[in-house]
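Now for the letters of each chain:
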Amino acid sequence: PSGEDSYHNMSEVRDDLQLMLDKPAIYLYDQDIGRLSITGLQPGGTVFGRNAELSTIKDTYRRSVSGGSELVIISGASGSGKSLLVYESRKHVLAGGGIILSGKFDQLQQGTPFSAFASAFDVYCGTLLEDSGPSSIVGELASNLRSSLGRDVHHLTKLIPNLAIILGPATSPINRNEDCDNAQKRLQYLLCQFVDVISSTFSAPVTLFLDDLQWADAASIEAVNHLLTAASLAHDERFFFLGCCRKGEINEGHPVRKLLKNVERSSVGCTNIKLDLMDEHTINTMVSETLRLLPRLTRSLSSVIYHKTKGNPLFVSHLMLSLSKEGLLRPSLSRRRWEWEMEKIEDRELPDDVAMFLNNSIMELPDGVQSSLCILSCFGASANVSFIEPLERALQKNIRDDLDVAVAKGLLDKIGVEYRFSHDRIQEATYNMMEDGTRRLFHFTYGLSLASLSIEEECDGILFIAVNQLNLGGPAIVQDPSQSFTVAGMNLRAGKKAMGMSDFKTASSYMNHGISFLREHHWGEHYDLSLELFELAAKCALSNGDHKRVSLLFEQVSEVAHSFEDKLEITYTYVRSLLTSSCLGEALTKGLYVLNELGIVLSGDLDSLLVETKSMLAEHSDEQLLSLPVMTDRTKLMAMKILSRTQTCLLHTNPKSQPKATLHMVQYSLQHGMSGLSSFALILYGSFLACLGDIPAGYRYVKIAIRLAEKLNARSNMCEVLALGSQVMGYVEPLQSVNEVIVRSLEYGLAVGSIGNAMLSCSMNIVCAFWSGKHLSLVKSNVDDTLRLMSSHST
């Protein structure tokens with residue numbers, strides 16, 4: 001070698017020879033220069049300078065495999081190589097026989113319920129179906145899921161469509177009349193069970209990776225929290241969570257902050273990895289291996305690249321690609337290696353920010369390609385061909401040919417049937433090329449085009465995308481008044497779908513957006529639409545703990561409702577809100593007012609009411625009681641709900657009057673038919689008789705109540721029915737059999753999300769275990785497990 005290529009000392013010779021021995025494919029064998037002269041530079045997906053961080057992730061994963069759960073959060077500047085580091089970690093997980101589920105949050109897809117979280121599970125189930133087909137292992141998974149989750153597995157199929165294919169048609173419909181305040185807890189429990197079944201079926205640990213946590217929705221992060229804590233409590237479960245987020249974009253009120261605080265209080269292992277930008281030595285390694293030239297030869301080029309990019313790996317890759325396209329970095333056929341024009345590279349002016357650099361690269365594309373990229377950027381970082389095809393029909397525009405050009409230019413990747421921006425910053429640069437007003441108009445136009453398509457094809461996925469686009473446009477964009485009510489109705493549809501998927505935060509957003517699109521005289525022009533939006537917005541606000549919002553919505557409906565019946569639904573939600581926020585006096589007053597309006601007056605002598613109730617019940621045998629008609633009238637069902645909530649208020653404010661509400665519920669059921677709450681009324685009635693000293697009669701009605709709840713499939717009431725019933729059964733049956741009833745109560749409570757009642761069952765289980773003579777060490781272990789379980793559900 002001569003000139004810059006010459007050796008200056010023996011240590012350089014030794015270093016080069018060592019590299020040839022260690023990495024012969026890179027430094028020893030010749031490159032196909034002829035091919036490179038056609039294709040140009042093609043940077044690989046190798047991780048540089050992150051060996052320490054990779055080792056930390058591997059060590060943490062090994063700990064999770066040994067039992068328990070571990071959490072790793074990787075943070076760093078955009079383009080610092082977070083996702084690439086995770087991709088390398090993924091190889092380690094798969095090589096060890098682990099299962100990995102991957103999802104990516106998107107700033108422009110936050111209107112999709114559970115977005116990345118649900119996608120991770122759905123893609124896994126889809127891959128399982130593709131790889132396994134109708135194999136016995138898929139059948140075994142379906143059987144294990146049905147055995148473990150029972151009828152409640154249907155709630156997961158709303159979130160994970162491919163799971164419905166695995167399970168087949170034998171799933172039960174969702175009870176859409178149930179109260180939604182516990183549905184999120186129920187879903188979290190079911191997801192934990194699902195992960196447990198996956199792990200046990202395939203005898204493998206489960207890893208969940210979620211990218212771009214800075215855009216995560218609260219419901220997804222709450223689900224992650226429960227997966228982590230459930231695995232740490234189970235001892236034998238193995239769960240590993242890996243997440244990436246941008247540096248400085250997780251503020252104090254972000255859901256991920258809450259997750260980290262909860263983890264600190266539990267036994268979940270937590271590791272934070274912060275990625276800095278690369279130093280000059282690492283950049284030289286990256287340039288050296290990309291060009292397959294010894295580091296000694298690329299040092300001067302790397303120094304220039306480092307100072308121009310400040311060590312940002314994304315910037316480095318795209319700068320090298322740009323230099324290659326401009327011919328400043330090119331393969332030499334005569335020298336059979338890469339060469340470059342150093343002076344011109346040094347003189348080249350570059351923006352300080354990678355986003356501006358990428359923006360300039362996009363501006364160099366043909367107008368049609370820029371336009372298609374802008375369309376794609378409005379929908380987030382990626383889009384499947386199955387979505388692009390209907391989008392093209394809706395817009396009457398072919399964009400795939402333009403996207404293929406962008407793929408050739410390295411701005412997009414086409415992975416299978418998915419177009420994906422090569423990096424989030426490219427998507428953001430494209431999106432930010434448009435002015436705010438232009439973006440909003442585009443969003444609204446795309447949303448309207450897709451809205452009709454979602455109705456034609458009855459596709460929930462397109463519905464969520466369409467409504468999200470409309471909401472990104474906003475009410476100010478609307479020119480035609482009729483469009484306002486169309487968009488409000490679309491938000492109502494999307495919100496109801498989100499409620500069915502137990503994502504009440506996203507549902508609340510849809511309902512509130514729908515209300516924002518309503519015009520000034522909407523109560524007169526679109527009464528039914530307005531009423532349903534306000535009712536469901538209040539339900540969602542209650543589920544999310546926003547009691548002020550519930551009160552505001554209730555007051556508005558109360559002023560404009562056409563009838564008392566029209567106010568019943570939101571009044572019931574308001575009463576529940578008052579109860580939840582410990583405003584018992586107000587809740588009782590409002591509950592009694594509603595009951596009076598419905599013709600139910602909780603007055604008179606308790607003894608006379610008891611005699612009257614006994615007389616009515618004496619006319620029916622056990623079997624006749626169980627065979628009474630089912631209550632179907634909506635107003636009467638609401639009366640039972642209000643009676644139930646009023647009973648709770650009385651229990652805390654005027655306990656002596658509480659049995660009156662119970663007796664009225666029993667009488668109302670005998671007069672108008674049985675419901676799930678009738679079993680709750682009968683269990684309280686049996687408990688009341690037992691308290692009066694009539695144990696046999698109390699025990700009889702406890703057994704009837706349990707049979708009735710089972711017959712009506714009143715799962716939402718079963719936890720309370722069994723828990724309260726066990727207190728009376730303890731006077732008649734052996735404590736060992738009573739304990740089995742309490743365990744069933746706990747299982748039902750967790751399965752339907754009735755956490756308060758489930759924790760009560762846990763406490764009762766401990767007491768029953770103690771008095772039934774179990775060894776104190778077992779009782780102590782039971783206490784410890786219960787305390788950890790309670791801690792995992794505390795907020």
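Structure first, text after, so check above.
Worth saying up front: this structure is predicted, and the values here are computed from it rather than measured.

I'd like a rundown of the overall build of the protein chain, residues and numbers included.
Within the protein chain, the regular secondary structure consists of 40 helices and 10 strands. Once the C-alpha set of the protein chain is aligned to its principal axes, its extents read approximately 110 × 70 × 45 Å. Taken over 795 residues, the protein chain has a buried fraction of 53%. About 35,100 Å² of surface is accessible on the protein chain, with carbon and sulfur atoms providing 51% of the total. The averaged location of the 91 negative side-chain charges in the protein chain is 3 Å from the averaged location of its 73 positive side-chain charges.

Explain unusual backbone geometry to me, using residue names and the numbers behind them.
Even without being a glycine, S203 presents a positive backbone phi close to 50 degrees. Within the element layout of this structure, S203 appears in the loop between α10 (183-202) and β3 (206-211).

Any details on the sheet that holds strand β2 (residues 99-104)? Residues and values, ideally.
Ordered by their spatial adjacency, 5 strands build an open sheet running β2-β3-β4-β1-β5, and the pairing between neighbours is parallel. One side of each edge strand has no neighbouring strand; the edge strands of this open sheet are β2 and β5 (269-275). Each strand axis lies, on average, 15 degrees off the axis of its neighbour in the sheet, ignoring direction. Looking at chain direction, strand β1 (residues 68-76) and β5 are connected through 7 bridges and run parallel. Paired with S75 across the two strands is K274, which belongs to β5.

If you had to explain the pattern of salt bridges to someone new, which residues and values would you point to?
For the coordinates displayed, the defined rule picks out 34 salt bridges. A salt bridge links E88 to K91; the nearest nitrogen and oxygen atoms lie 3.4 Å apart. Of this pair, E88 and K91 both sit in helix α5 (residues 82-95), 3 residues apart, which is roughly one turn of that helix. By relative accessible area, which is 22% here, E88 ends up partly exposed. Assessed through its relative accessible area of 43%, K91 is described here as partly exposed. A salt bridge links D424 to K104; the shortest N-O distance between them is 3.1 Å. Note that D424 is positioned in helix α21 (residues 424-432) and K104 in strand β2, a separation of 320 residues in sequence. Taking the relative accessible area as the measure of exposure, D424 reaches 10% and is therefore buried. You can call K104 partly exposed: its relative accessible area is 33%. The network of salt bridges with common partners includes R330, R335, E339, E341 and K344.

What counts, and at which threshold
- Residues numbered from 1 in each chain as written.
- Predicted model: local features only at pLDDT ≥ 70, side-chain atom pairs only at ≥ 80, totals over all residues.
- Heavy atoms only, no water.
- Helix = DSSP H or I, 4+ residues; strand = E, 2+ residues; numbered from the N terminus.
- Buried < 20%, exposed > 50% of the residue type's maximum accessible area, 1.4 Å probe, protein only.
- Areas by Shrake-Rupley, 256 points an atom, 1.4 Å probe, with all protein chains shown as cover.
- Lys, Arg positive; Asp, Glu negative; His and termini not counted.
- Charge placed at Lys NZ, Arg CZ, Asp CG, Glu CD.
- Pairing = 2+ DSSP bridges.
- Axes fitted to C-alpha atoms, helices over the stretch in contact; angles between N-to-C directions.
- Salt bridge = Lys/Arg side-chain N within 4 Å of Asp/Glu carboxyl O.

Purely geometric numbers; function is a separate question.
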